[in-house]
Amino acid sequence: MFERFSSSYFLGRLYVEPYDGTEAAIHRTEHERLNECVYTDGSGVERVDYPLVMKLDTAYFPVVGDDGVPSGTLALPRDAVDSDALPDDRPVLLVDAPRAAELLRYAGYDPDDFAPGGPDGSGPDRPDDRLA
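Residues numbered from 1 in each chain as written. Predicted model: local features only at pLDDT ≥ 70, side-chain atom pairs only at ≥ 80, totals over all residues. Heavy atoms only, no water.

Undergrad: Can you tell me about the environment of E32, naming the residues and giving the values?
TA: Its location among the elements puts E32 in helix α1 (residues 28-39). For the pair E32 and G65, spaced 33 residues apart in sequence, the C-alpha to C-alpha distance is 7.3 Å. (Helix = DSSP H or I, 4+ residues; strand = E, 2+ residues; numbered from the N terminus.)

Okay, here's the thing in structure tokens:
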């Protein structure tokens, strides 16, 4: 779904559509799988519900999991996007752990939530740089 694009980003394609939610969202199972690949280090019980950070065009979005969002879709709040340009199949950047922690702090998330194994840069290095 996503491949290493640069030192801080993974690149993928998602169907992007506006929706009536208040937070950007992808399907919960995909969110947990990406979260596990990007933010966990495999030691002990780790949280997989941290918001992912994705970039579409020039805007960053904290992304949560939602069972109501179809698989392969990034749902964005209507008031955060130009609804005339959506829905559309679009390239989307997924921010890696160190950069995501920084952006989430800027967005008002509590840094204490980023315990070891969370989006604080302690996520694993993937030898093939591919995320499911």
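Having seen it, we continue.
Undergrad: Lay out the pairing of strand β5 (residues 59-65) in plain terms, naming residues and giving numbers.
TA: Here strand β3 (residues 24-26) pairs with β5 via three bridges, running parallel. Across the sheet, residue A24 finds its bridge partner in β5, namely V63. From the end of strand β4 (residues 52-56) to the start of β5, which pair antiparallel, there are two residues, and D57 there has a positive phi angle of about 60°. (Pairing = 2+ DSSP bridges.)

Undergrad: Please set out the pattern of salt bridges residue by residue, giving values where relevant.
TA: Tallied over the full model, the rule gives six salt bridges. Its salt-bridge partner being D96, residue R4 comes within 3.9 Å of it at the nearest N-O pair. One end of the pair, R4, is in strand β1 (residues 2-4); the other, D96, is in the loop between β7 (88-95) and α2 (97-106), with 92 residues separating them in the sequence. (Salt bridge = Lys/Arg side-chain N within 4 Å of Asp/Glu carboxyl O.)

Undergrad: A description of the side chain of N35 should follow, citing residues and the corresponding values.
TA: Mapping N35 onto the fold places it in helix α1. Of the polar contacts made by the side chain of N35, one reaches the backbone oxygen of Y50; its length is 2.5 Å. (Polar contact = N/O pair within 3.5 Å; in protein donor to acceptor, adjacent residues only side chain to side chain.)

Undergrad: Could you give an account of the nonpolar core, naming the residues involved and the relevant values?
TA: Within the largest apolar cluster, 29 residues are counted, with the highest numbers of intra-cluster contacts made by I26, L52, M54, V63, L74, L76 and L94. Counting residues in each nonpolar core, the second largest holds five residues, with Y19, A25, V69 and A75 among its members. (Core = buried A, V, L, I, M, F, W, Y, C linked by side-chain atoms within 4.5 Å. Buried < 20%, exposed > 50% of the residue type's maximum accessible area, 1.4 Å probe, protein only.)

Undergrad: So, the environment of H31: which residues are in play, and what are the values?
TA: The residue H31 is located in helix α1 in this model. When the C-alpha atoms of H31 and L52 are compared, they prove to be 7.5 Å apart, with 21 residues separating the residues in sequence. At 3.1 Å, the side chain of H31 forms a polar contact with the backbone oxygen of Y50.

Undergrad: I'd like a description of α1, backed by residues and values.
TA: In this model α1 runs 16 Å from its N-terminal to its C-terminal C-alpha over 12 residues, within 8% of the 16 Å that 1.5 Å per residue would give. Taken together, the buried positions of α1 are E30, H31, L34, N35, C37, V38 and Y39. The buried residues of α1 occupy one face: seen down the axis, they fall within an arc of 165°. (Expected span 1.5 Å × (residues − 1). Arc of directions from axis to C-beta.)

Undergrad: An account of unusual backbone geometry is requested, with residue identities and associated values reported.
TA: The phi angle at D57 is positive, at roughly 60°, despite the residue not being glycine. Mapped onto the fold, D57 is located in the loop between β4 and β5. Judged by relative accessible area, which is 54%, D57 ranks as exposed.

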